[in-house]
Amino acid sequence: MSTVTTPAGRLGALARAEFTLLGRSKATLVAAVLVPLALPFSLRTVVDDMDVEDAGLSVGLVLLPAAVGFALLFGVYSALVGIYASRREELVLKRLRTGEPRDVEILVGTALPIGATGLTQSLVLVAASTALLDVPAPHAPHLAALGLLLGLVMCAALAAVTAALTRTVESAQVTTLPFVMISMILSGVAVPLELLPDRLASVCELLPLSPVITLIRGGWAGTLSAYEALGVLGTAVAWTVLAVFAVGRWFRWEPRR
């Protein structure tokens, strides 16, 4: 007698299996959990030397979005690229495709544990920043929440795109560097866009992670108008849709030889 399964049931089973595999990989746990928690504190001395007050910001309003950015970059994007590459090279993805799960269910189920970890990290870092850096309550919490959720989805999709270009698990450390470094420097993570020259800032606003950081920082500071928020949301959604399209078009399910 055949068993009838549902998409939710298959996603749950894949997520549980991935949680188990994640718990067995110490290297992935360190990269996904400890690194994002440690990096924001190392940025404190750098931010103290910036003239953030001249841009209408505070140390807390710089470090809080930066902490979330680190969680997205290292806890979600970088970790997930390695996981996708590992599961592909070990033929896990190929075997899953021979069963009932659809392609999108396999990718989402694999990403769910890392996404949950990234969300938890972000909430912990927000709570720590609020307590330790005297950050006030957000003026527009819905914008900050939208930024975080869009960031999780976007980074997961971009991780799948990058995994398609990654030959081995070891090479994931190289293929993830461009997006990580560009985002850290030019998307407002390490240096707020408000401190950059106007022309450079207007270009950097179009980078994938920039709208996420802008929504989180703007949601806390209350500096985004409705028009600006819609524009930023449009940029984030556009990058997410583009990344999802790229995954459907170029994601590789079999080992790269």
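These remarks concern the structure in this document. (Residues numbered from 1 in each chain as written. Predicted model: local features only at pLDDT ≥ 70, side-chain atom pairs only at ≥ 80, totals over all residues. Heavy atoms only, no water.)

**Some remarks on the overall build of the chain**
Looking only at helices and strands, the chain features 12 helices and zero strands. Starting at the N terminus, the α and β elements of the chain follow one another as α-α-α-α-α-α-α-α-α-α-α-α. Scaling as 2.2 N^0.38, a compact globule of 257 residues should have a C-alpha radius of gyration of about 18 Å, and the chain matches this with 19 Å. Here the C-alpha coordinates of the chain stretch approximately 65 × 35 × 35 Å along the principal axes. In the chain, of all internal contacts separated by at least 6 residues, the share reaching a separation of at least 24 is 82%. Carbon and sulfur atoms make up 67% of the accessible area of the chain, which amounts to about 12800 Å² in all. A distance of 17 Å separates the average location of the 18 positive side-chain charges in the chain from that of its 18 negative side-chain charges. (Helix = DSSP H or I, 4+ residues; strand = E, 2+ residues; numbered from the N terminus. Rg over C-alpha atoms; globule rule 2.2 N^0.38 Å. Contact = heavy atoms within 4.5 Å. Areas by Shrake-Rupley, 256 points an atom, 1.4 Å probe, with all protein chains shown as cover. Lys, Arg positive; Asp, Glu negative; His and termini not counted. Charge placed at Lys NZ, Arg CZ, Asp CG, Glu CD.)

**A word on a nonpolar patch on the surface**
A cluster of nonpolar residues, Val-104, Val-108 and Leu-112, forms a patch on the protein surface that exposes about 230 Å² of accessible area. Here Val-104 is to be found in helix α6 (residues 103-132). With relative accessibility at 53%, the residue Val-104 sits in the exposed group. (Patch = residues over 30% accessible without salt bridge, like charges linked within 9 Å, V, L, I, M, F, W, Y side chains within 5 Å. Salt bridge = Lys/Arg side-chain N within 4 Å of Asp/Glu carboxyl O. Buried < 20%, exposed > 50% of the residue type's maximum accessible area, 1.4 Å probe, protein only.)

**Focus: helix α9 (residues 177-186)**
Taken together, the buried positions of α9 are Phe-179, Val-180, Ser-183 and Met-184. In an axial view of α9, the angular spread of the buried residues amounts to 120°, which keeps them on one side of the axis. If you follow the buried residues of α9, they end up packed against α4 (59-89) and α7 (141-164). Positioned one or two residues after α9, Gly-188 has a phi angle of 90°, which is positive. (Arc of directions from axis to C-beta.)

**Description of the nonpolar core**
Core analysis: the biggest nonpolar cluster contains 66 residues, and Leu-72, Tyr-77, Leu-80, Tyr-84, Leu-209, Trp-220 and Phe-251 have the highest contact counts within it. Listing elements by their share of this core, those giving two or more residues are α4, α6, α7, α9, α11 (210-221) and α12 (226-250). The biggest single contributor to this core is α4, with 18 residues. Here Trp-220 is in contact with Leu-61, Leu-64, Val-126, Val-135, Pro-136, Ala-137, Pro-138, His-139 and Ala-144, once residues within four sequence places are set aside. (Core = buried A, V, L, I, M, F, W, Y, C linked by side-chain atoms within 4.5 Å.)

**Concerning the packing of α4 against α11**
As a packed pair, α4 and α11 sit with axes 9 Å apart at the nearest point and diverge in direction by 145°. The handedness of the crossing between α4 and α11 is right-handed. Residues Leu-61, Val-62, Leu-64, Pro-65, Val-68, Gly-69 and Leu-72 of α4 lie in contact with α11, whose contacting residues are Val-212, Ile-213, Ile-216, Arg-217, Trp-220 and Ala-221. Taken together, the residues of the contact of α4 with α11 sort by class into 11 nonpolar, one polar and one charged. (Axes fitted to C-alpha atoms, helices over the stretch in contact; angles between N-to-C directions. Left-handed = near helix turned anticlockwise from the far one by under 90°. Nonpolar A, V, L, I, M, F, W, Y, C, P; charged D, E, K, R; others polar.)

**Examining unusual backbone geometry**
For Leu-91, which is not glycine, the phi dihedral falls at a positive 70°. Locating Leu-91 in the fold gives a position in the loop between α4 and α5 (92-97). What makes Leu-91 partly exposed here is its relative accessible area of 32%.

**Things to note about the pattern of salt bridges**
Following the criterion strictly, the structure yields five salt bridges and no others. For Glu-89, the salt bridge goes to Arg-88, with nearest N and O atoms at 2.8 Å. In this structure Arg-88 comes out as buried when scored by relative accessible area, which is 0%. One salt bridge in this structure joins Asp-103 and Arg-97, with 2.9 Å as the shortest N-O distance. Overall, the relative accessible area of 32% leaves Asp-103 in the partly exposed class.

**Here we look at the side chain of Ser-122**
Here Ser-122 shows up in helix α6. Ignoring sequence-local partners within four residues, the contact set of Ser-122 consists of Val-68, Ala-71 and Leu-148.

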